Amino acid sequence: MDFAELKQECLVCRRCPLCKTRTNVVFGQGAQDAEVLFVGEGPGQSEDEKGQPFVGRSGQLLDKYLFAIDLDRSRNCYIANIVKCRPPQNRDPLPEEREACMPWLREQFRFIRPKIIVCLGRIAAQSMIRPDFAITKEHGQFFEKGGTLFMATFHPAALLRNPAQKPEAFSDFAVLRDKIREVCGHTY
Ligand code: URA
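Residues numbered from 1 in each chain as written. Predicted model: local features only at pLDDT ≥ 70, side-chain atom pairs only at ≥ 80, totals over all residues. Heavy atoms only, no water.

## Points about the overall build of the chain
Check the secondary structure of the chain and you find nine helices and six strands. Expected size for 188 residues packed as a compact globule is a radius of gyration near 16 Å; at 15 Å, the chain falls within 12% of this value. C-alpha extents for the chain along the principal axes are approximately 40 × 35 × 30 Å. Evaluated residue by residue, the chain yields a buried proportion of 52% over its 188 residues. (Helix = DSSP H or I, 4+ residues; strand = E, 2+ residues; numbered from the N terminus. Rg over C-alpha atoms; globule rule 2.2 N^0.38 Å. Buried < 20%, exposed > 50% of the residue type's maximum accessible area, 1.4 Å probe, protein only.)

Written as structure tokens, this is what we have:
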């Protein structure tokens, strides 16, 4: 199976009840050879409508942070989510929905083979790094797992609600840029 076939399979997924309320599956977007993979929580309304990750207000903010460190989803990074279908009313995805969806992210990881995974927000960090991950304390730090570097930063939607955290988020992206320079071969 190639990456395009994986996507086609995912687009018709019925592994959890979120398939009943979705408009579109949001598989992910970006360069297939990306060395940096960003992982959010799950699609919101705009993403559900368009079938692409982070295209609403929080996506516009994310794109600004990416631009600031020379990343661009059309060129040198990839953006995916823990769950590929929108949870109704934007509630947190349930543990069983995350578990049902995680094999898709694992397969994306197997194809892309990123050097760095950046978790956007608590849900992604707790699913990918550690169940008790504390984003306010541990954001911007790197954790090595199985040869891949993981870090987490604030979810852009949280930054829209709480702009006081923006400088800390900005410094996380600066730390990320330095790490990319150190460990990535073709991102810059
Ligand atoms: N929030 C997320 O976590 N993911 C998206 O794709 C959009 C908003």
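## Concerning the packing of helix α4 (residues 57–68) against helix α9 (residues 166–183)
Packing of α4 against α9 leaves a shortest axis separation of 9 Å and a crossing angle of 45 degrees. Classed by the angle they form, the pair α4 and α9 counts as oblique. Between α4 and α9 lies a crossing of right-handed hand. Of the residues in α9, those touching α4 at Leu61, Leu62, Tyr65, Leu66 and Ala68 are Lys166, Ala169, Phe170 and Phe173. (Axes fitted to C-alpha atoms, helices over the stretch in contact; angles between N-to-C directions. Parallel < 35°, antiparallel > 145°, perpendicular 65-115°, else oblique. Left-handed = near helix turned anticlockwise from the far one by under 90°. Contact = heavy atoms within 4.5 Å.)

## Here's the deal with helix α5 (residues 95–112)
Look at α5: 25 Å from first C-alpha to last across 18 residues, which is about the 26 Å you get at 1.5 Å a residue. Cys101 marks where α5 bends most, by close to 35 degrees; the proline Pro103 follows one to four residues later. Every buried residue of α5 is listed here: Glu97, Arg98, Ala100, Cys101, Met102, Trp104, Leu105, Gln108 and Ile112. As for α5, its buried residues are in contact with α1 (3–11), α2 (18–21), β2 (36–40), β3 (78–81) and α6 (122–128). Count one or two residues on from α5 and you reach Arg113, which has phi positive near 50 degrees. (Expected span 1.5 Å × (residues − 1). Bend = angle between axes of the 7 residues up to and from the residue.)

## Topic: α9
Across its 18 residues, α9 extends 26 Å between first and last C-alpha, which sits within 8% of the 26 Å expected from 1.5 Å per residue. Residues of α9 that are buried in the fold lie against β2, α4, β4 (116–120), β6 (148–153) and α8 (156–161).

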